[in-house]
Amino acid sequence: VIDKGYLDQMQMQMLCTNSKRCYFFNYIIFKGREMWHEIIIDRDEERIELIKKRIEEATKLRDEFVSYLTSNQQF
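Below, the structure is looked at part by part. Residue positions are given per chain, counted from 1 along the sequence in the order it is written. Reporting of local features is limited, given that this is a predicted model, to residues whose pLDDT is at least 70; pairs of side-chain atoms are given and counted only at 80 or more, and all residues count toward the totals for whole chains, interfaces and linings. To obtain the side-chain values, all non-hydrogen atoms of the structure were included, while hydrogens and water were left out.

## As for the nonpolar core
- Membership of the largest hydrophobic core is limited to six residues, which are Ile2, Met10, Met14, Cys22, Phe24 and Ile41.
- Those elements that provide at least two residues to this core are α1 (4-17) and β1 (21-30).
- Beyond its immediate stretch of four places on either side in the chain, Phe24 contacts Ile2, Tyr6, Met10, His37, Glu38 and Ile39. Take the buried residues of types Ala, Val, Leu, Ile, Met, Phe, Trp, Tyr and Cys, join any two whose side-chain atoms come within 4.5 Å, and each joined set is a nonpolar core. Throughout this description, buried means an accessible area under 20% of the type-specific maximum (1.4 Å probe, protein chains only), exposed means over 50%, and partly exposed covers the range between. Every helix listed is a DSSP run of H or I at least four residues long, and every strand listed is a run of E at least two residues long, numbered separately from the N terminus. Pairs of residues are marked as contacts when any of their non-hydrogen atoms sit within 4.5 Å.

Right, here's the structure in full:
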């Protein structure tokens, strides 16, 4: 099972690179033995649209806060 945060990160990477899939890869050397595990994650357009929407919301909040700070004479 992949942590949800990693899934979101991989969807963001696919958005930025316009990729169709991403590889989740774990690698460890334990007692001199190499072990790895790979999972292929496909692009999820619904999740990417949610990410885009949240980026727009965060950008709006940031811009409002910057505007407030620059208009306040105390700062």
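Additional details are given in the paragraphs that follow.
## Looking at the pairing of β1
- Two strands pair if DSSP finds at least two bridges between them. Pairing analysis gives 10 bridges linking β1 to strand β2 (residues 33-42), with the strands arranged antiparallel. Looking across to β2, one finds that Phe25 is bridged to Glu38.
- Hairpin connection, β1 to β2: the antiparallel pair is bridged by two residues, and Lys31 has positive phi, about 55°.

## Focus: α1
- How far a helix is expected to stretch is found by multiplying one less than its residue total by 1.5 Å. Taking 1.5 Å per residue, 14 residues should reach 20 Å; α1 reaches 20 Å between its end C-alpha atoms and fits that length.
- Along α1, the positions that sit buried rather than exposed are Met10, Gln11 and Met14. All buried residues of α1 lie within an arc of 100° about the axis, which places them on one face of the element.
- Of the surrounding secondary structure, the elements contacted by the buried residues of α1 are β1, β2 and α2 (45-71).
- The N-cap of α1, judged by a side-chain oxygen 2.8 Å from the amide nitrogen of Gly5 a few residues on, is Asp3.
- Two residues or fewer after α1 comes Asn18, characterised by a positive phi angle close to 55°. Arc definition: directions from the helix axis to the C-beta atoms. We define a polar contact as two N or O atoms separated by no more than 3.5 Å, with the added condition that, inside protein, one atom must be a possible hydrogen donor and the other a possible acceptor, whereas residues neighbouring each other in sequence contribute only through side-chain atom pairs.

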